[in-house]
Amino acid sequence: MEMFEYDFMIRAFIAGIFIAILASSLGMFVVVRRYSMLSDTLAHVSLLGVALGFLFTVSTTWSAIIVAFAISWLIEYLRKNYDIYSDSILAIFLTGGLSLAIIIISLSHTFNVGLFNYLFGSIVAVSSEDIYLIAGFGLVSIVLIVNFYQKLIFVALDEDVAFSSGINTSFLNYLLVSLVAITIGLSIKIVGALLIGALMIIPVIAAMQFQKSFVKTALLATLFSVISVISGLTLSFYVSIPSGATIVVVSLIIFVASLLLRKS
């Protein structure tokens, strides 16, 4: 229990568990509607927000959230109103966001250890302000997800039929991408901008191998996500390796185990 003698580890575990629950809950809807690249795209875009935060010396957490939120709405608007394939839109913003981030970082001369932490995650980077933000947003998100749960499932399974049934699919789509964007913006300090997409997707796919109902799969995905975060942070502390990469590797191990269990 040595690691709990350090305040930064306690903060990392609190924030990490909140992020695990949020990421897996939202990841269910993203995966079911075959929109998995959205998380990776917004993660790269959030890195642009971090770069702008470095350039203008403002809170990188807030700048990442604002940029990811704005781009998520733009992605949804283009998907809804223009005859462009969803994966093409995501590819454009993924590469464009990362390219702009590299240029801004180069101009501001901030390519240092601090930036490395945002790329791959760092357990020492989580502040008390981050805890309050993550906890507050997490509670609001859980309320929204529970309130619109059945409608979100309906839209994820068949958006056209949901629209024909009188469901406001536009509102639910914007709500989903907004929650995903803010979750990613809040997560990059722990998991890293290049890895948060994996935490949102891999536990969900692992849970799906057991072929349970939607609700049971969501609960199983949350369990896998929390286990990944707790195990990853623990290994990261004792082995002195990046927290984000370790969390994702644990998720991959769980995924491989689920494949083997399903085959057996």
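For the structure, see preceding data.
Residues numbered from 1 in each chain as written. Predicted model: local features only at pLDDT ≥ 70, side-chain atom pairs only at ≥ 80, totals over all residues. Heavy atoms only, no water.

Caption draft 1: Highlighting the packing of helix H2 (residues 37-56) against helix H4 (residues 86-108). Contact geometry of H2 with H4 gives a least axis separation of 8 Å together with a crossing angle of 20°. The angle between H2 and H4 places the two elements in the roughly parallel class. Pair H2 / H4 crosses with left-handed handedness. Each of Met37, Leu38, Asp40, Thr41, His44, Val45, Leu47, Leu48, Ala51, Leu52 and Leu55 in H2 lies in contact with H4, whose residues at this interface are Leu90, Phe93, Leu94, Gly97, Leu98, Leu100, Ala101, Ile104, Ile105 and Ser108. (Axes fitted to C-alpha atoms, helices over the stretch in contact; angles between N-to-C directions. Helix = DSSP H or I, 4+ residues; strand = E, 2+ residues; numbered from the N terminus. Parallel < 35°, antiparallel > 145°, perpendicular 65-115°, else oblique. Left-handed = near helix turned anticlockwise from the far one by under 90°. Contact = heavy atoms within 4.5 Å.)

Caption draft 2: Broad picture of the nonpolar core. Ile75, Val180, Ile184, Leu186 and Leu233 are the most contacted members of the largest nonpolar core, which totals 91 residues. In this structure Leu233 touches Met9, Ala12, Phe13, Ile123, Ile190, Ser243 and Ile247, once residues within four positions along its chain are discounted. (Core = buried A, V, L, I, M, F, W, Y, C linked by side-chain atoms within 4.5 Å. Buried < 20%, exposed > 50% of the residue type's maximum accessible area, 1.4 Å probe, protein only.)

Caption draft 3: Spotlight on the side chain of Ser243. Looking at the secondary structure, you find Ser243 in helix H12 (residues 243-263). You can call Ser243 buried: its relative accessible area is 1%. Sequence-distant contacts of Ser243, defined by excluding residues within four places in its chain, comprise Phe120, Gly121, Ser122, Ile123, Ile190, Leu233 and Ser236.

Caption draft 4: Layout of the packing of aromatic side chains. Summed over the entire model, instances satisfying the criterion amount to 13 aromatic pairs. An angle of 45° between the planes, with centres 5.1 Å apart, marks the rings of Phe4 and Phe13 as tilted. Relative accessible area serves as the criterion here: at 33%, Phe4 is assigned to the partly exposed category. Note on Phe13: relative accessible area 8%, which makes it buried. What links up through ring pairs into an aromatic cluster is the set Tyr6, Phe8, Phe237 and Tyr238. In this structure, Arg79 is placed above the aromatic ring of Tyr35, and the distance from its NZ or CZ to the ring centre is 6.0 Å. (Phe/Tyr/Trp six-rings, centres within 6.5 Å; stacked < 30°, edge-to-face > 60°. Lys NZ or Arg CZ within 6 Å of the ring centre and 35° of its normal.)

Caption draft 5: Region of the structure containing helix H1 (residues 7-32). Taking 1.5 Å as the rise per residue, H1 with 26 residues should run 38 Å; its terminal C-alpha atoms sit 38 Å apart, in good agreement. Most of H1 is tucked away: 19 of the 26 residues are buried. Following H1 by one or two positions, Arg34 adopts a phi angle in the positive range, close to 55°. (Expected span 1.5 Å × (residues − 1).)

Caption draft 6: Region of interest: a nonpolar patch on the surface. On the surface, Met1, Phe4, Ile10 and Ile14 cluster together into a nonpolar patch covering about 390 Å² of accessible area. Within the secondary structure layout, Ile10 lies in helix H1. (Patch = residues over 30% accessible without salt bridge, like charges linked within 9 Å, V, L, I, M, F, W, Y side chains within 5 Å. Areas by Shrake-Rupley, 256 points an atom, 1.4 Å probe, with all protein chains shown as cover. Salt bridge = Lys/Arg side-chain N within 4 Å of Asp/Glu carboxyl O.)

Caption draft 7: Local environment of the environment of Thr183. One can find Thr183 in helix H9 (residues 169-187). By relative accessible area, Thr183 is classed as buried at 0%. When sequence neighbours within four positions are dropped, the list of residues in contact with Thr183 reads Ile19, Leu22, Ala23, Leu26, Phe137 and Met200.

Caption draft 8: Region of interest: helix H6 (residues 128-147). In this model H6 runs 29 Å from its N-terminal to its C-terminal C-alpha over 20 residues, within 8% of the 28 Å that 1.5 Å per residue would give. For H6, the set of buried residues is Asp130, Ile131, Leu133, Ile134, Ala135, Phe137, Gly138, Ser141 and Ile145. Tucked into the core, H6 has its buried residues touching H1, helix H3 (60-81), helix H7 (149-157) and H9.

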